[in-house]
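So you can see what is in the structure, the chains are spelled out below.
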Amino acid sequence: MTPLYKFRSNYFSYGILTAVIIYSQTWITTAHSVPHRFFGSPLTTIADTTRPRPGADSNRVESDTSRIPGADTSGLPGTDTSLKQKTDTFNLKLSKDSLEAPLKYEAADSVIVMIKAKKIYLYGKTKTDYTDITLTAPKVEMDQATQVVTAFNRKDSTGKVIESAHFKSADNEFTSDTIRYNFKSQVGLTKNTFTQQGEILVIGEAVKKVNQNTTFIKRARFTTCMLDDPHFAFVTPKMKVINQKLAISGPAHPEFEGVPVPIYLPFGFYPLSQGRHSGLLRPNFITDEIRGLGLQGLGYYKVLNDYWDAELSGDIFSYGEWAAGLRTTYRKIYKYNGSFNLTVRSSKQNFKGDPDFFKSRIYNVTWSHTMDTRARPGINFSANVNAGSTRYNRLVPGNAYLNYQNLLGSSITFSKTWKNKPYNLSVSANHSQNNNLGTVNLSLPNLAFTMSTIYPLQNKNRAGSAKWYENLGIAYNGTFSNSISFNDTISYGKNGVKPFFRYLLDTAQWSAQHNIPITLSLPPILGGRILVAPGISYGQSWIQRTTRYQWNDALRKVDTITAKGIFIDQRGSVSLSFNTALFGTVQFKKSRIIAIRHTIRPMMGFSYTPDLNKAHIRSSQVDSTGKVLYYNEIGGGFLYNTSSRRSGAMSFGVDNNIEMKVRSRKDTGDLAIKRVKLIEGFGFSGSYDFIRDSFRLSPISIYFRTTLFEKININASTSLNPYQTNARGYDIPRYAWQGGKFSLGRLTSGSISMSTNFQSKPKDAKKDAARKKAVEDRLNDPALLGDQQRLLDYMQQNPSQFVDFNIDWNLSLSYSLSFVTRIKPDYSGFEKDFTLGGVSFNGGFNLTPKWKLTGSGSYDLETLKLQYISMSINRDMHCWQLSINVIPVGYNRSFNFSISPKSTLLQDLKINRTRYFNGY
């Protein structure tokens, strides 16, 4: 029996032409949805038992009813039931030109099938699919005999290409004028081909694909400018590309706007692999008048394994200055990630023999570590370290912001929470330093153990509402801390100064605190309008030394005397507080303003605190007039206008906020109503002690915060002292409003800060959203933690290269002012210390669509001088960028000119000129 084959094709927009072929006969029919395969690969085989075979006896009919399901012939006359049933079988042999998978194709215009020539022609927006390969073109020719598919472009009457052939596979994609590809051998030949490998666009005159991953190119142009006619490119007569791994070229030279530049490289090696790979770091050549000629960033980057990498780099200059740095990043998914950076710098100014010559070796250490909460539920470890020499920031050239960053801090914390238990343990180490004063404070180890509030009287099998006493709660807080302080500008072990480690042991001081708060939540009174909360608290402080003050008549100053040991300071109190909220609303008619609501939250409380530590209260003369102050020798803190810590006080306070509902002119319905906070919070708080014999009213704390027009943030706070003072500035027991001249008091401390940010609307909202999302994704991707840190460092030192031309202009302003009244060092009175601070600004605007001017700085209102300023002008050159950055003010002044490709792959190609000028 001759087998009948059906071949399958896809659906055409204007009908399907299907060829049904039998080895002995051929029919051509027109049908829809008839499946078949091309290149001789049969899908379905049908045995035709009713059509006579060619050359067979037409009077003879063959049948095999045994193949008919359910047929029963045992009762038919003449049937020999003793005969065995026979199965009609045949052997299916695949053609040598068969493919491994179906070949699917479609065309928008027409399909022509040439049976004898074994070819198919597709016209009009064709699409051919084979395994993971997709080929689209205006015209395609498929040859069964050679298994070659040829795709052609389409030109208009002037010869201009208006539609090209496009090839796409799992790991390769390109566009060409002509594509010849063998599906079985995966060998192809293309002309005028455009393909992208990572950030590189490769344009080849003739391209030969020899296997799935390797391609040879004749006269190749490669660039990072993604235009059909790129602004610049590197030209080479031959090139070999291994997909997503590397590219190797012969002699290459650059060209700009099609004009060749006579600078030749004998060969080229271009890594194309994505992700991390080890290699040398190309240095930058810089020069300045202080350090001379130098190479910056010379080093090696090493991928240690899938979780770790490391970078060792250094700087070296002709005048003897050098720097070395080690940076490593690590990450294990669902476990932890972090980075570590150590930088050592040998800095010098001028030459030996000069009066202002100095030389110093400084260092800086940063460490960031984050633990995934899914790694070990209930356990967390984190680190954020930024420490170093107090002179380090000031001596880093070319970074005006870092030069004036005087405060550094670090924290390393381990915490554990017990599952289904109210316990929590925390162990930490903290660090802080003031680069301006040269002081370094270490606090380690710090331990904290807490038990959250438990309710021992609560009935677990309760039915109905809880009794009032069941809300009685008890908690525990315990801490231990140890502190060390030193100054890194002092030469320890010299000139009578103690050795460093002995100095640390002598200045180390530890303490421990225990606190047991007892709370009770009572039902609200007056119909739920007032909340009542009683409380009891008891605590202890353990400390290793006492501090006593003694007046020295000879030197006319106060001496400090310490004694070591273990001393306990006890504290206890009982309290009862009342809280409520009042609302007032003013409604408007025929106005965009719907209503204004004023919320008042008054608070009042009563507390009693016995003096459980009165044996440790001491007094000392503090000046030559005989002024006496009381203090607690455990801790050394002075008491405010009292000789005892015993207190029976009433505390009070009021918090306010004002909101407004406005109807928008643009929206309708619920979207039209907008809530605006006019004043986010303002109020005051204080206390009145009934037990004291004088100075019963405490200073009044006043605060205010709001956001004006959703743009200007204002925060202010102050302390109002209600007492009069004597000639030396000490308080006397007379209120400020007594004595005939009315006054509410005097402001002893306060601060105010304001900030705002204005910018134009983005010219392209979609582009702005995409840019923000790309930045957010990069910064939030743990896999890029190391790259992120390097990117942030580079952005901080080169802000001009990351300007946004989509924003026409932007401006940010901030200002802070503070003052405090503090006792003089000789205890002879008080003095008010003002910190006017500075106005910080940051902004920029587009001079033209491609030119932008940016700047940032700070103006010191005390000295009436610019503290620092950085200005830059930038030019967007599509695939290149130009920036000129100037820091004309400050200790480290600099000038920088840079022009470089935007692509990170060609960052080393930049032309950079930098000059540094140190000193004032």
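Sequence order as written defines the numbering, with residues in each chain counted from 1. Local features in a predicted model are, by the rule used here, given only for residues with pLDDT of at least 70; side-chain atom pairs are given and counted only at 80 or more, and totals for whole chains, interfaces and linings are based on all residues. Excluding hydrogens and water, the side-chain figures rest on all heavy atoms present in the structure.

Visitor: Quick question: what am I supposed to make of the overall build of the chain here?
Guide: For the purposes of this entry, the term helix denotes a DSSP run of H or I that reaches at least four residues, the term strand denotes a run of E that reaches at least two, and both are numbered from the N terminus. Of regular secondary structure, the chain possesses 5 helices and 56 strands. Here the chain, with 920 residues, has 33% of them falling under the buried criterion. Counting only contacts in the chain whose residues sit at least 6 apart along the sequence, the fraction spanning at least 24 positions is 50%. Accessible surface, the chain as shown: approximately 54400 Å² in total, 57% of it carbon and sulfur. We call a residue buried when its accessible area falls under 20% of the maximum for its residue type, exposed when it is over 50%, and partly exposed in between, using a 1.4 Å probe and counting protein chains only. Residues are treated as being in contact if the distance between any of their heavy atoms lies within 4.5 Å. Using a 1.4 Å probe, the Shrake-Rupley method yields the accessible areas, and only the shown protein chains count as cover for residues.

Visitor: Would you explain the pairing of strand β31 (residues 407-417) in this entry?
Guide: Two faces, one strand: in a regular strand the side chains alternate between the faces of the sheet. For strand β30 (residues 379-388) and β31, the ladder comprises 6 bridges, and the chain directions are antiparallel. Pairing of Ala-383 across the sheet is with Ile-412, part of β31. Two strands make a pair as long as DSSP finds a minimum of two bridges between them. Summarising the sheet, β31 and strand β32 (residues 423-434) pair through 11 bridges and their orientation is antiparallel. Bridging from a neighbouring strand, Phe-414 pairs with Val-427 of β32.

Visitor: Teacher, can you tell me more about a nonpolar patch on the surface here?
Guide: A surface patch of nonpolar side chains, about 670 Å² in accessible area, is lined by Phe-758, Trp-809, Leu-811, Leu-813, Phe-845, Leu-847, Trp-851 and Leu-853. For the nonpolar patch, the secondary structure elements donating two or more residues are β49 (809-823), β51 (838-848) and β52 (851-860). Among the secondary structure elements, Leu-847 is positioned in strand β51. Among the residues examined, Leu-847 registers a relative accessible area of 45% and is labelled partly exposed. Exposure above 30% relative accessible area and the lack of any salt bridge qualify a residue for a patch; like charges then connect within 9 Å, and the nonpolar side chains Val, Leu, Ile, Met, Phe, Trp and Tyr within 5 Å. In what follows, salt bridge is the name for a side-chain nitrogen of Lys or Arg lying within 4 Å of a carboxyl oxygen of Asp or Glu.

Visitor: Teacher, can you tell me more about the pairing of β51 here?
Guide: Two strands pair when backbone bridges link them, and β49 and β51 are joined in this way by 7 bridges, in the antiparallel orientation. The residue of β51 that forms the bridge with Asn-810 is Gly-844. As paired strands, β51 and β52 are joined by 10 bridges and run antiparallel to one another. Directly across from Ser-840, in β52, lies its bridge partner Ser-858. The turn joining β51 and β52, which pair antiparallel and follow one another in sequence, is formed by 2 residues.

Visitor: Would you mind going over the pattern of salt bridges with me for this structure?
Guide: Working definition: two side chains of opposite charge can pair if their charged atoms are close together. Using the criterion set out here, one finds 18 salt bridges in the structure. Ionic pairing is found between Arg-692 and Asp-689, a salt bridge with its closest N-O pair at 4.0 Å. The pair Arg-692 / Asp-689 is uniform in exposure class, with both members buried. The partner of Lys-902 in a salt bridge is Asp-876, and the shortest N-O contact between them spans 2.6 Å. Of this pair, Lys-902 sits in the loop between β55 (892-901) and β56 (911-918) while Asp-876 sits in strand β53 (residues 865-877), and the two are 26 residues apart along the sequence. Note on Asp-876: relative accessible area 13%, which makes it buried. Each of Arg-548, Arg-618 and Glu-633 takes part in a single network of salt bridges with overlapping partners.

Visitor: I'm lost on unusual backbone geometry in this one. Help?
Guide: Across the chain, the bulk of peptide bonds are trans and the bulk of non-glycine residues have phi less than zero. Residues Leu-444 and Pro-445 are joined by a peptide bond in cis, for which omega reads -10°. Along the chain, the position of Pro-445 falls in strand β33 (residues 439-454). With a phi close to 50°, Glu-257 is a non-glycine residue in the positive phi region. Within the secondary structure layout, Glu-257 lies in the loop between β20 (253-256) and β21 (259-260). With a phi close to 55°, Arg-556 is a non-glycine residue in the positive phi region. You can see Arg-556 is positioned in the loop between β36 (530-552) and β37 (557-580).

Visitor: Honestly, the packing of aromatic side chains in this entry has me stumped. Any pointers?
Guide: Stacked, edge-to-face and tilted are the three classes for Phe, Tyr and Trp ring pairs, Trp counted by its six-membered ring, which pair at centre distances within 6.5 Å; planes under 30 degrees apart are stacked, over 60 edge-to-face, the rest tilted. Counted according to the given criterion, the structure contains 25 aromatic pairs. A centroid spacing of 6.4 Å and a plane angle of 50° characterise the contact between Phe-449 and Tyr-476, whose relative ring orientation is tilted. Taken together, the residues span a long stretch of sequence, with Phe-449 in strand β33 and Tyr-476 in strand β34 (residues 472-487) at a distance of 27 residues. Judged by relative accessible area, which is 31%, Phe-449 ranks as partly exposed. On the accessibility criterion, Tyr-476 (23% relative accessible area) is partly exposed. A network of ring pairs unites the aromatic residues Tyr-130, Phe-167, Phe-174, Tyr-181 and Phe-183 as a single cluster. The ring of Tyr-307 has Lys-332 sitting right over it, with the charged end atom 5.3 Å from the ring centre. We count a charge as sitting over a ring when the NZ of a lysine or the CZ of an arginine lies within 6 Å of the ring centre and within 35 degrees of the ring normal. Over the ring of Trp-418 we find Lys-416, and its NZ or CZ is 5.2 Å from the ring centre.

Visitor: Would you take a moment to explain the nonpolar core for this structure?
Guide: Soluble, globular proteins show a tendency: their nonpolar side chains are buried together. Counting 22 residues, the largest nonpolar core has Leu-122, Val-140, Met-142, Ala-151, Phe-167, Ile-179 and Phe-183 as its most contacted members. Listing elements by their share of this core, those giving two or more residues are β5 (103-106), β7 (119-130), β8 (133-143), β9 (148-152), β12 (165-168) and β14 (178-182). Considering each element in turn, this core owes the most residues, 5 residues, to β8. Counting 20 residues, the second largest nonpolar core, distinct from the first, contains Phe-222, Cys-225, Phe-232 and Trp-880. To qualify as a nonpolar core, a set must consist of buried Ala, Val, Leu, Ile, Met, Phe, Trp, Tyr and Cys residues joined through side-chain atoms within 4.5 Å.

Visitor: Could you clarify how one ought to interpret empty space enclosed by the protein in this entry?
Guide: Points on a 1 Å grid, built from protein atoms alone, make a cavity when a 1.4 Å probe fits but cannot get out and make a pocket when they are open with protein on both sides within 12 Å along at least 5 of 7 lines; residues with an atom within 4 Å of a point are the lining residues. Grid points are joined across faces, edges and corners, and a volume is the space filled by probe spheres set on the points. Scanning the model with the defined rule gives 2 cavities of 30 Å³ or more in all. Looking at the largest cavity, its volume works out to about 180 Å³. Lining the largest cavity are 19 residues, and of these Asn-172, Phe-174, Thr-195, Val-207 and Thr-215 lie nearest its centre. Secondary-structure elements contributing two or more residues to the lining of the largest cavity are β14, β15 (187-197), β16 (200-209) and β17 (214-223). For the lining of the largest cavity, the element with the highest residue contribution is β15, accounting for 6 residues.

Visitor: What exactly am I supposed to notice about the state of the cysteines here?
Guide: The bond known as a disulfide is covalent and runs between the sulfur atoms of two cysteines. When two cysteine sulfur atoms lie within 2.5 Å, the pair is treated as a disulfide. This structure, assessed with the given rule, holds 0 disulfides. The closest cysteine sulfur to the non-disulfide-bonded Cys-225 is located on Cys-879, 3.5 Å from its own sulfur.

Visitor: Sorry, what's going on with the environment of Leu-135 here?
Guide: If you trace the backbone, Leu-135 turns up in strand β8. Given the relative accessible area of 3%, Leu-135 is considered buried. For the pair Leu-135 and Glu-173, spaced 38 residues apart in the sequence, the C-alpha separation amounts to 9.9 Å. If sequence neighbours within four positions are ignored, Leu-135 has contacts with Thr-126, Lys-127, Thr-128, Val-149, Ala-151, His-166, Phe-167 and Ile-179.

Read these as layout, nothing more, since geometry by itself doesn't imply function.
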